[in-house]
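# Overview (structure and organization)
Chain by chain, the residues run as shown.
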Amino acid sequence: MSELLIKNAVVCDPINNVNCEKMDISVKDGKIVESVSSGAKVIDAGGKLTMAGGVDGHTHCAGKINVGRFMSPHDMRMTNVPGLSGKEAPTATTRAQVGYNTPNAFAIGYRYAKLGYTTIGEAAIPIIGARHTHEEFEAIPILDKFGLTLFGSNWQVMEYIRDDEPEKLAAYVAWGLKASRGYGIKIVNPGGGEAWGWGKNVSGLDDPVPNFDVTPAQIIMGLAEANEKLNLPHSIHLHCNNLGKPGNYETTIASMKLLENLKSNRDRQVLHVTHVQFNAYGGTSWRDFESAAPQVSDYINSTDHMTFDLGQAIFGPAMTMTADGPVEYANSRMLNAKWSNMDVELEDASGVVPITYSPKNFVNAVQWAIGLELALLVDDPWKVMFTTDSPNGGSFVNYPEAYTYLMSAKRRAEVIEGFPEMALGRMNIPGIDREIDLYELAIMTRAMQSKIYCMDTKGHLGVGADADIAIYDLKPDSVDTTVEYAAVKKAFSGAAYTIKSGEVVVKDGEIAMTPEGRTYWVNAKMPQATVDAMQVDVAKKFKKYYSVSQSNYMVEDEYLPHPVEITTEAV
Amino acid sequence: MVVITDAICSLCGSLCDDITVTVEDNVITNVERACILGRNKFVGMFLHDRIESPMIRKNGELVDVSYEEAIDEAAKILVNSKRTLSYGWCSTSCEAISKAIQLAEETGSLIDSTANVCHGPSALAVQEKGGPSATLGAVKNRADVVIFWGCNPAHAHPRHMSRYSSFSKGFFTQKGRKDRKMIVIDVRKTDTAKLADTYVEIEQGSDYLLVTALRSAINGHEDVIPDAVAGVSKEDILELANVLKEAKYTCVFYGMGVTQSRSKYKNGDGVSSLISDINQHSKAVMIGMRGHYNVTGFGQVATWETGFPMAIDFTRGAPYYNPGETGANDVLVRGDVDAAIISAADAGAHFPQDSLKYLAKIPVIQIDPYANPTTELSDVVFPAAVVGVEAEGTAYRMDGISLRMKKLIDTKFKTDEEITVDLINKVRELKGGA
């Protein structure tokens, strides 16, 4: 029975409507409690900013990232962000660390913890590759993990939607989540992964998928309805069609509108659109390319059925990795960059291509602006998840730098100064004076995640929450975050304390201990008769088309040594 | 009698997972669907030279000792070594590989896999140009053209062609072999080549020339191609290029004829570039024909744990990677290590003579189920369970799909993982006491 008392914390906890108020936090057995005994270990926060542990709801941390590592040994010695990148020898507490955009698994755990993050979500798990994802999860220390399972180009999904079998579709999704030990439904360029099987793509929501006679719009709707039928804790998580193409904002808004009338039994959005920066492009080509963040933001402000994340771009080298196979091939040809690809049988595709975002390149400068514009033009921070789609827009170790862009117009002006003239006319950020405060930052980096993933023990510091706590060396009552951005960046780059499940894992920006994290997955229950009917179809897939046996496909319990199983009942 | 279905064959990189094994009184008495290589591994386990006891070389002879004595002796070698070479770890589980990496990290060793003498250049090619690939089931369902380049699955991966490639039937390839054009590029007419629709015989060491000519043709520069390249006529090259452009889906399977012949990694770099070029016209991917059943797993685990797939040097603490300098044979030929631990691979049978001469001079620790030429060079020997038969664990197929190998029978032997963990603990104990 371990007890901890954090005294004099200036707590920023939006879920509980606490805005930088001085208070004590009591921790017992890894949970936040009302009070502790006088024997509790005491940490004096000394008036420092205290938040729940951060939650990164969309990052590439396990699975496909290994392809990125494999093809980029140069990344291992990059030291772009001192203290949070490059090579470090092992210590008595830590394993050896390498990398910047594609750090080794140990470094991912340590560095997120240093930033005060305690939970991360892998953005894309192919079911047949899920065992690998969970092996890497197990190698990431400290953090709790969850992953989203890819369904958007899955043959069984497309066939059930085409054949109008919504019950079997829901049963299949539930089975796929179980097979992959996934947390929710990820849809990447719906139908595009299958088209890429023939070197093609789909052009928009109504372009039928070759050989399957369904459209991307039908795939999105079908899976969204299955999602709500299963009462999953997260909504569908959508990477829209036409990512990365000038003019794609129209597809993005049309995709958002599709789900306006869908209802959920749960208290959350019915749609999360991911890394919208890459999908809010105006113009018709790279010549007249411009920000369409205002159009997208206007739409998001007009509705309450959805949330989104940024996919903020960070200047410097990055590594793009996505299940959007055709996009990565196009990237490699456009950038003349090395290209890795994986066509995943019956399920999807993927690719990995390195990229560098330069402030001197007008397209990159506009991309940088679009991410910030989306965050600043959408009025309600509860709709905005802060991400860089790490490492697509840039490595997560740049989060503290990116916070300063959101929090300080002065800081933004400094960056914009280096942009080419042509870029300035294509963006709106110079005219935006909104500056995010610490409360809004806490919403975008932990509190809204608690809501959109229905993780009621994460992202806040109320009684009953997991004792995942970050204390930053920043005194809210005396710092002006709009001006003192260097102090803000420093404080968020190395937490004074990061506490995970009640244990001090980071102290003064250094790793203090490395407990193993847990893995969350969703076991959605469907009526047995439907499951049995679905299984007949799935068995045929394995008999004729898969290259592995069904019994060897399901991720075994051995790969989740610390599982947290969330069960749901279908409506 | 126990019948185990969907067992995974831990022989080659095909990792066939449809094997039915019958066990009677802890002996495997029947194996269904495995090829002759796999079957011999399952059934013939005790027909080979199993190492029966831990051994230490005393006065030139390996003599049986207790397990504890062998652990003690091996740990002393590791602690006293300035720089140990840890090599192999490919016919074992990912769990054992992970522990081997931890041991290397804690002892400041250099760790490398069998890729050093096999597909290592393929990794370098991916680092140059990327690896456009697919799962084997994608090939089975889609590919109407398969190319075997410098590889001979008829002998090395006997069920590959029926399960995944030439003969396999899939969703868009219902007629199997009849729906598919099979091309073999090699320096001699192998048994695989005899099954091909088109056999392209090239001059030894000229793979890069042929790749370049094919790229020229596919990219519309046929005027620069001379009358013959690599011993192949321009006409045949143009025809082959046309097949690739017209195909719906091409997979190039490539082997050591590509990776270990002249031009080495530049060949793989060229094939990767060729694949990218073909994708301007149709769809194409490439897959390396990996040999040891879990050499792919070594690359995967090493990459997520250290950032690098092979040739990882912990001498300076943080991992350092420079193949050509830090590869197993690089350091052996230079005499740059003073001890070696070799597991789940047979350096003695496969390394060049200069490397072996040096291995004979330094203390060598072996962990392996079987006595082999490496045993003759070893000073401390640990018998191990056969992973995939006597022990469970994870392995990666040649296409990067991981599967859980089953334990089929009980054994008295410890697993590679257990032995490595015991070594880690003993090394810590000795270091702590120093």
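Computed from a predicted structure; not experimentally measured. (Residues numbered from 1 in each chain as written. Chains lettered and ligands numbered in written order. Predicted model: local features only at pLDDT ≥ 70, side-chain atom pairs only at ≥ 80, totals over all residues.)

## Some remarks on the overall build of chain B
Assigned secondary structure in chain B consists of 17 helices and 22 strands. On C-alpha atoms alone, chain B measures out to a radius of gyration of 23 Å, which is about the 22 Å that the 2.2 N^0.38 rule sets for 434 residues. Referenced to the eigenvectors of the C-alpha coordinate spread, the extents of chain B come out at roughly 70 × 55 × 35 Å. Out of the 434 residues in chain B, the part that is buried amounts to 59%. Pairs at least 24 residues apart make up 69% of the contacts formed inside chain B by residues separated by at least 6 positions. (Helix = DSSP H or I, 4+ residues; strand = E, 2+ residues; numbered from the N terminus. Rg over C-alpha atoms; globule rule 2.2 N^0.38 Å. Buried ≥ 20, exposed ≤ 12 C-beta atoms within 10 Å, placed from the backbone. Contact = placed C-beta atoms within 7 Å.)

## Looking at the overall build of chain A
Tallying secondary structure elements over chain A gives 17 helices and 24 strands in all. At a minimum sequence separation of 6, the contacts of chain A that also span at least 24 residues come to 78%.

## Focus: the pairing of strand β19 (residues 364-368) of chain B
Residue and element names in this part refer to chain B. Counting buried positions over the five residues of β19 gives five, a clear majority of the element. Neither face of β19 is left uncovered, since the one carrying Val364, Gln366 and Asp368 and the one carrying Ile365 and Ile367 both have all their residues buried. In this sheet, strand β20 (residues 380-383) lies alongside β19 in parallel orientation, the contact comprising four bridges. Across the sheet, residue Ile367 finds its bridge partner in β20, namely Phe382. (Pairing = 2+ DSSP bridges.)

## Here's the deal with the domain arrangement of chain B
Residues and elements named next belong to chain B. The assigned domain composition of chain B is domain 1 (2-43), domain 2 (55-116 + 293-433) and domain 3 (120-288). The interface is formed by eleven residues belonging to domain 2 together with nine residues belonging to domain 3. A breakdown of the residues in the side of domain 2 that touches domain 3 according to their chemical character gives six nonpolar, three polar and two charged. (Domains from an automatic or database assignment. Nonpolar A, V, L, I, M, F, W, Y, C, P; charged D, E, K, R; others polar.)

## Notes on the sheet that holds β19 of chain B
All names here are of chain B. Pairing within the open sheet is mixed, and its nine strands lie in the order β5-β4-β20-β19-β18-β6-β7-β16-β17. Edge strands, defined here as strands with exactly one partner in the open sheet, are β5 (61-64) and β17 (320-321). Note that strand β16 (residues 312-313) and β17 share two bridges and pair antiparallel. Note that in β17 the partner of Ile312 across the bridge is Tyr321. Relative to β20, helix α2 (residues 67-80) is tilted by about 130 degrees, and along the sheet it contacts β4 (55-58), β6 (84-88), β18 (339-343), β19 and β20. Where helix α3 (residues 94-107) meets the sheet, its contacts fall on β6, β7 (110-112) and β18, and the angle it forms with β6 comes to roughly 170 degrees. (Axes fitted to C-alpha atoms, helices over the stretch in contact; angles between N-to-C directions.)

## Topic: the packing of helix α12 (residues 399-407) of chain A against helix α16 (residues 485-493) of chain A
Residue and element names in this part refer to chain A. Two elements in contact, α12 and α16, have axes whose closest approach is 8 Å; the angle formed by their N-to-C orientations is 145 degrees. Note that α12 runs across α16; the crossing there is right-handed. Packed against α12, whose contacting residues are Tyr399, Pro400, Glu401, Tyr403, Thr404 and Met407, the element α16 presents Tyr485, Val488, Lys489, Phe492 and Ser493 at the interface. (Left-handed = near helix turned anticlockwise from the far one by under 90°.)

## Regarding helix α11 (residues 264-278) of chain B
Between its terminal C-alpha atoms α11 of chain B stretches 22 Å, which fits the 21 Å expected from 15 residues at 1.5 Å a residue. Counting buried positions along α11 of chain B gives 13 out of 15 residues, so the element sits mostly inside the fold. (Expected span 1.5 Å × (residues − 1).)

## Side note on the nonpolar core
The biggest cluster of nonpolar side chains holds 331 residues, and the ones touching the most others in it are Val173, Leu223 and Leu374 of chain A together with Leu214 and Phe253 of chain B. Of all the elements, helix α11 (residues 362-377) of chain A adds the most residues to this core, at eleven residues. Once you skip the residues sitting within four places of it in the chain, Leu223 of chain A turns out to touch Phe151, Val157, Ile185, Ile187 and Ile236 of chain A. (Core = buried A, V, L, I, M, F, W, Y, C linked by C-beta atoms within 7 Å.)

## Structural notes on the sheet that holds strand β14 (residues 250-254) of chain B
Residues and elements named next belong to chain B. Taken together, the five strands give an open sheet; going across it, the order is β11-β10-β9-β14-β15, and neighbouring strands pair in parallel fashion. Edge positions in the open sheet fall to β11 (198-201) and β15 (284-288), since each of these has one partner strand only. Within this sheet the neighbouring strands show an average axis-to-axis angle of 15 degrees, counted without direction. Across five bridges, β14 lies against β15 in parallel orientation.

## Some words on the interface of chain A and chain B
Residue-level contacts link 45 residues of chain A with 51 residues of chain B. Of all the secondary-structure elements, those providing two or more residues to the side of chain A that touches chain B are α1 (65-70), α3 (130-139), α10 (325-335) and β16 (340-343) of chain A. Classifying every residue of the side of chain A that touches chain B gives 20 nonpolar, 14 polar and eleven charged. Pairing analysis gives three bridges linking β16 of chain A to strand β8 (residues 132-134) of chain B, with the strands arranged parallel. Among the inter-strand pairings, Asp343 of chain A is bridged to a residue of β8 of chain B, identified as Ala134 of chain B.

## Topic: the confidence of the model for chain B
Per-residue pLDDT for chain B averages 97, and the proportion of residues at 70 or more is 99%. Quick note on the complex model: pTM equals 0.98, ipTM equals 0.98. (pLDDT = per-residue confidence, 0-100.)

## A closer look at the pairing of strand β22 (residues 402-405) of chain B
Residue and element names in this part refer to chain B. Burial along β22 is two-sided: the residues Ser402 and Arg404 and Leu403 and Met405 are all buried. Pairing between strand β21 (residues 393-396) and β22: four bridges, direction antiparallel. By the bridge assignment for β22, Thr394 is matched with Arg404.

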